[in-house]
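Descriptive structure summary
The primary structure of each chain is shown beneath.
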Amino acid sequence: MRPTENLKSEHKDINELLKIMSKIAASIKSNEVFYTNDVEDIIDFLKYFIDKSHHGKEEIFYPALQQAGIQKDIESLNEMLYEHTLARTYLKDIYSCVENCKNGFSFSGEMLADSLNNYVFLISNHIQKEEDIIFPMAERELSNEKQIEITNKFEKIEENIVQHGFHEHYHDLLKKLQTKYPD
Ligand SMILES: [Fe+2]
């Protein structure tokens with residue numbers, strides 16, 4: 001599998017999760033009940049599936065593009081990496097809001113909804129840029145050898161980070177949330 005195919009298939013799952021996050025943020029904004037355990041499941045997905053695995057792979061992919069002389073624009077590369085850092089900040093905000101809520105500390109639903117929306121806005125634009133600009137460029141320009149080399153490195157990331165049953169666990173989690181928050 002080409003590295004971009006691997007990343008794109010993960011984007012499909014990530015986009016589904018973003019839709020659920022938007023729905024939860026909207027219900028918090030309209031003062032409806034929300035379930036802390038669902039947001040905790042989302043945090044789990046954001047932390048492991050997106051940050052550690054997916055963004056970990058992209059942090060190999062972008063520099064490889066640059067080394068191959070394709071992604072010459074260092075600023076746009078740095079911007080993509082900066083967005084990963086920003087996503088981690090929004091994830092921490094979501095986590096702190098849920099912890100405060102669970103522990104009975106002063107808690108702002110507005111802040112939780114804003115953090116969820118910030119994450120959704122950032123990562124949907126990030127994915128759009130990758131799929132519209134960066135991935136087609138990589139597919140056109142990267143040699144087969146280079147693509148195989150990147151795919152091998154992706155596999156190593158999965159071996160290092162991903163525990164046995166990782167993908168099944170996150171697909172099941174996504175399905176459970178989709179059933180609870182249907183389109
Ligand atoms: Fe991505």
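Residues numbered from 1 in each chain as written. Predicted model: local features only at pLDDT ≥ 70, side-chain atom pairs only at ≥ 80, totals over all residues.

Overview of unusual backbone geometry
The test is simple: Helix numbering and strand numbering both begin at the N terminus, where a helix is a DSSP run of H or I of at least 4 residues and a strand a DSSP run of E of at least 2. Once C-beta atoms are placed from the backbone, each residue is buried if 20 or more other C-beta atoms lie within 10 Å of its own, exposed if 12 or fewer, and partly exposed for counts between those two.
With phi around 60 degrees, Asn31 is a residue other than glycine that occupies positive phi space. You can see Asn31 is positioned in the loop between helix H1 (3-29) and helix H2 (36-67). A residue is classified by how many C-beta atoms lie within 10 Å of it, and Asn31, with 8 of them, is exposed.

Focus on H1
Using the following cut-off: Helices are assigned an expected span. That span is 1.5 Å times one less than the residue count.
Here H1 is 27 residues long and its end C-alpha atoms lie 38 Å apart, about the 39 Å a rise of 1.5 Å per residue gives. Within H1 the residues assigned to the buried category are Pro3, Thr4, Leu7, His11, Leu17, Leu18, Ile20, Met21, Ile24, Ala25 and Ile28. The positive-phi residue at the C-terminal boundary of H1 is Asn31, with phi of around 60 degrees.

Digging into the packing of H1 against helix H4 (residues 109-141)
Under the convention used in this document: Here, axes are lines fitted to C-alpha atoms. For helices the fit covers the stretch in contact, and angles between N-to-C directions go from 0 to 180 degrees. An angle below 35 degrees is treated as roughly parallel, one above 145 as roughly antiparallel, one from 65 to 115 as roughly perpendicular, and anything else as oblique. Crossings are assigned a handedness: left-handed for a near helix turned anticlockwise from the far helix by less than a right angle, right-handed for a clockwise turn. Each residue is assigned to one class: nonpolar for Ala, Val, Leu, Ile, Met, Phe, Trp, Tyr, Cys and Pro, charged for Asp, Glu, Lys and Arg, and polar for all the others, Gly among them.
Interhelical geometry of H1 versus H4 gives an angle of 155 degrees and a closest axis separation of 9 Å. Between H1 and H4, the crossing angle belongs to the class labelled roughly antiparallel. The interaxial crossing formed by H1 with H4 has left-handed handedness. Of the residues belonging to the contact of H1 with H4, the class tally is 15 nonpolar, seven polar and four charged.

Notes on the environment of Ile43
Counted only if it meets this: In this description, a residue-residue contact is defined by the distance between C-beta atoms placed from the backbone, which must lie within 7 Å.
Along the chain, Ile43 turns up in helix H2. Through-space distance from the C-alpha of Ile43 to that of Asp13 is 15 Å; in sequence the pair is 30 residues apart. Discounting residues that sit within four places of it in the chain, Ile43 has contacts with Leu91, Ile94, Tyr95 and Val98.

A closer look at H2
What counts here: A residue's bend is the angle separating two fitted axes: one through the seven residues that end there, the other through the seven that start there.
For H2, spanning 32 residues, the distance from its first C-alpha to its last is 43 Å, which sits close to the expected 46 Å at 1.5 Å a residue. The sharpest bend along H2 measures roughly 35 degrees and falls at Ile50. Where H2 ends, the next residue or the one after it, Gly69, has phi of about 80 degrees, a positive value.

Here we look at the confidence of the model for the chain
Worth spelling out the cut-off: For every residue, the predictor assigns a confidence score, pLDDT, that lies between 0 and 100.
Of the residues in the chain, 95% have a pLDDT of 70 or more, and the chain-wide mean is 90. Considering each helix and strand of the chain separately, the mean pLDDT is smallest for helix H5 (residues 144-161), with a value of 88, and largest for H1, with 96.

Observations concerning the nonpolar core
Quick note on the threshold: We call a set of buried Ala, Val, Leu, Ile, Met, Phe, Trp, Tyr and Cys residues a nonpolar core when their C-beta atoms link them within 7 Å.
Counting residues in hydrophobic clusters, the biggest one holds 25 residues, and the most contacted among them are Met21, Ile24, Phe45, Ile94 and Leu116. Elements supplying a minimum of two residues to this core: H1, H2, helix H3 (74-102), H4 and helix H6 (166-180). Among the elements that take part in this core, H1 stands out by supplying seven residues, more than any other. In this structure, Ile134, Phe135, Ile150 and Phe154 belong to the second largest nonpolar core, which totals nine residues.

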